[in-house]
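Next come the chains, spelled out residue by residue.
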Amino acid sequence: MTECRTVAPERTVHHAHEALLEDGTSVSQLGYEYSGAMLDQLREQVPFPARLKTAVLRRQVDFLAGRLCAQRALRTAGFEGDVEIATGEHGAPVWPANFLGSISHCDGFAIASVACAQRIAALGIDVERQMSVEVASDVRRQLATDQELALGRHGSMSPEAWLTVLFSGKESLYKALYPGVGRYFDFLDVTAVHLDADAGTFMLELLTALSPDHPQGSTYPIRFHWNADRVFTRCVVPGYARPNAQRFKPRTDGSH
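Source: prediction; values computed, not measured.

## Notes on helix 5 (residues 159-181)
Here is step 1: For helix 5, built from 23 residues, the straight-helix expectation of 33 Å at 1.5 Å per residue is met to within 8% by its first-to-last C-alpha distance of 31 Å.
Here is step 2: Two residues or fewer after helix 5 comes Gly-182, characterised by a positive phi angle close to 65 degrees.

Structure representation (structure tokens):
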């Protein structure tokens, strides 16, 4: 079985193609265009699944770009075997034994993060473009409570910026927890209870129990940063010893 690699970490992934971060996660990102030439280039590096042959070009490029990032992140994390990543139920990636990960893409940008399962209990990432004023107005009641909206105002964030961050953060939490809990949960099953806009962090709390390891009241730190009009969020749940898991507290080491 492939063992996890220990590498001197970089502090930021903002300007790096691949990096191993201080919390033990590896990250790979890729910008791309939607063209036949790009599709051909990606197909040279990533197995092309038969089920995508009838998909539109955009879907094909997004999928392969995400998988390429995942392959590279696995290599950075220390995986040395066959890096073809299968697709499981509901289209989710199937990670090699001993590893877990998350993939996201948005309008010509893909990002993937991978970690060793012995060190990290759950991992989710997401990237989104900032919502327009109109979209933010349309979705706010499905996404956030009045108390959550007030957090953004107190943090001096515009409603559309805060709702984009909140949406992305809840997506990251869902991606992190779903593989372990195996059940759907809604945006309003989770609430933001703290925001530090300057530090790029906020806390999400479960309003409903998902599993013995994730009871009602469990809290999860979300980190976010902006790059132009895109926001990136990630949720990293540190490893824990079953069956005594209780609450997950935020990190205090300042890593990003």
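## Overview of helix 4 (residues 146-154)
Here is step 1: Inspection of helix 4 places Glu-148, Leu-149, Ala-150, Leu-151 and Gly-152 among the buried residues, and these make up the whole buried set.
Here is step 2: Those residues of helix 4 that are buried lie in contact with helix 3 (133-143), helix 5 and strand 8 (190-196).
Here is step 3: Phi for Ser-156, located one or two positions after helix 4, is positive at around 60 degrees.

## Quick word on the side chain of His-214
Here is step 1: Positionally, His-214 belongs in the loop between strand 9 (201-206) and strand 10 (219-227).
Here is step 2: Within polar-contact distance, the side chain of His-214 engages the side chain of Tyr-220 at 2.7 Å.

## A closer look at the packing of aromatic side chains
Here is step 1: By the definition in use, this model includes nine aromatic pairs.
Here is step 2: Geometrically, the ring pair formed by Phe-167 and Phe-187 is tilted, given 5.3 Å between the ring centres and 40 degrees between the ring planes. Here Phe-187 lies in the loop between helix 5 and strand 8 and Phe-167 lies in helix 5, a separation of 20 residues in the sequence.
Here is step 3: Ring centres 5.4 Å apart and planes at 25 degrees place the aromatic pair Tyr-174 and Tyr-178 in the stacked group. Pair noted here: Tyr-174 and Tyr-178 are both in helix 5, with a separation of four residues, about one helical turn.
Here is step 4: Just above the ring of Phe-48 sits the side chain of Arg-43; from NZ or CZ to the centre is 4.0 Å.

## Brief notes about the pattern of salt bridges
Side chains that differ in sign of charge can pair as their charged atoms come close.
Here is step 1: Enumeration over the complete set of coordinates arrives at seven salt bridges.
Here is step 2: Across the salt bridge formed by Asp-229 and Arg-129, the nearest N and O atoms sit 2.6 Å from each other. On the criterion of sequence distance, the pair formed by Asp-229 in the loop between strand 10 and strand 11 (230-238) and Arg-129 in strand 7 (residues 120-129) is long-range, its members being 100 residues apart.
Here is step 3: Among the residues examined, Asp-229 registers a relative accessible area of 34% and is labelled partly exposed.
Here is step 4: Note on Arg-129: relative accessible area 29%, which makes it partly exposed.
Here is step 5: The partner of Glu-148 in a salt bridge is Lys-170, with the nearest N and O atoms 3.1 Å apart. Taken together, the residues Glu-148 in helix 4 and Lys-170 in helix 5 connect sequence positions 22 residues apart. You'll find Glu-148 and Lys-170 in the same group, each marked buried.
Here is step 6: Connected via shared salt-bridge partners are Arg-58, Asp-107, Arg-129 and Asp-229.

## Structural notes on the sheet that holds strand 7
Here is step 1: Spatially, five strands are ordered 7-11-10-9-8 in an open sheet, and the strand pairing comes out antiparallel. If you trace the sheet from one side to the other, it starts and ends with strand 7 and strand 8, each paired once. Across this sheet, the average inter-strand angle for adjacent strands is 25 degrees, counted without regard to direction.
Here is step 2: The pairing of strand 10 with strand 11 spans six bridges and is antiparallel. Pairing of Asn-227 across the sheet is with Arg-230, part of strand 11.
Here is step 3: Those strands touched by helix 5 are strand 7, strand 8, strand 9, strand 10 and strand 11, and its axis lies near 145 degrees from that of strand 7.

## Side note on the environment of Asp-126
Here is step 1: Locating Asp-126 in the fold gives a position in strand 7.
Here is step 2: Placed 13 residues apart in sequence, Asp-126 and Ser-113 show a C-alpha to C-alpha distance of 9.9 Å.
Here is step 3: If we ignore the near neighbours within four places in the chain, the residues touching Asp-126 are Ser-104, Ser-168, Glu-171, Ser-172, Lys-175, Val-231, Phe-232 and Thr-233.
Here is step 4: One polar contact links Asp-126 to Ser-104, side chain to side chain, over a distance of 3.4 Å.

## A closer look at the packing of helix 3 against helix 5
Here is step 1: Look at helix 3 against helix 5: their axes get within 10 Å of each other, and the N-to-C directions meet at 50 degrees. It follows from the interaxial angle that helix 3 and helix 5 lie oblique. Considering how the two elements wind past one another, helix 3 and helix 5 form a crossing that is left-handed. Together, Val-133, Ala-136, Arg-140 and Leu-143 of helix 3 and Glu-160, Leu-163, Leu-166, Phe-167 and Lys-170 of helix 5 make up the contact between the two elements.

Procedures and definitions
- Residues numbered from 1 in each chain as written.
- Predicted model: local features only at pLDDT ≥ 70, side-chain atom pairs only at ≥ 80, totals over all residues.
- Heavy atoms only, no water.
- Helix = DSSP H or I, 4+ residues; strand = E, 2+ residues; numbered from the N terminus.
- Expected span 1.5 Å × (residues − 1).
- Buried < 20%, exposed > 50% of the residue type's maximum accessible area, 1.4 Å probe, protein only.
- Contact = heavy atoms within 4.5 Å.
- Polar contact = N/O pair within 3.5 Å; in protein donor to acceptor, adjacent residues only side chain to side chain.
- Phe/Tyr/Trp six-rings, centres within 6.5 Å; stacked < 30°, edge-to-face > 60°.
- Lys NZ or Arg CZ within 6 Å of the ring centre and 35° of its normal.
- Salt bridge = Lys/Arg side-chain N within 4 Å of Asp/Glu carboxyl O.
- Pairing = 2+ DSSP bridges.
- Axes fitted to C-alpha atoms, helices over the stretch in contact; angles between N-to-C directions.
- Parallel < 35°, antiparallel > 145°, perpendicular 65-115°, else oblique.
- Left-handed = near helix turned anticlockwise from the far one by under 90°.

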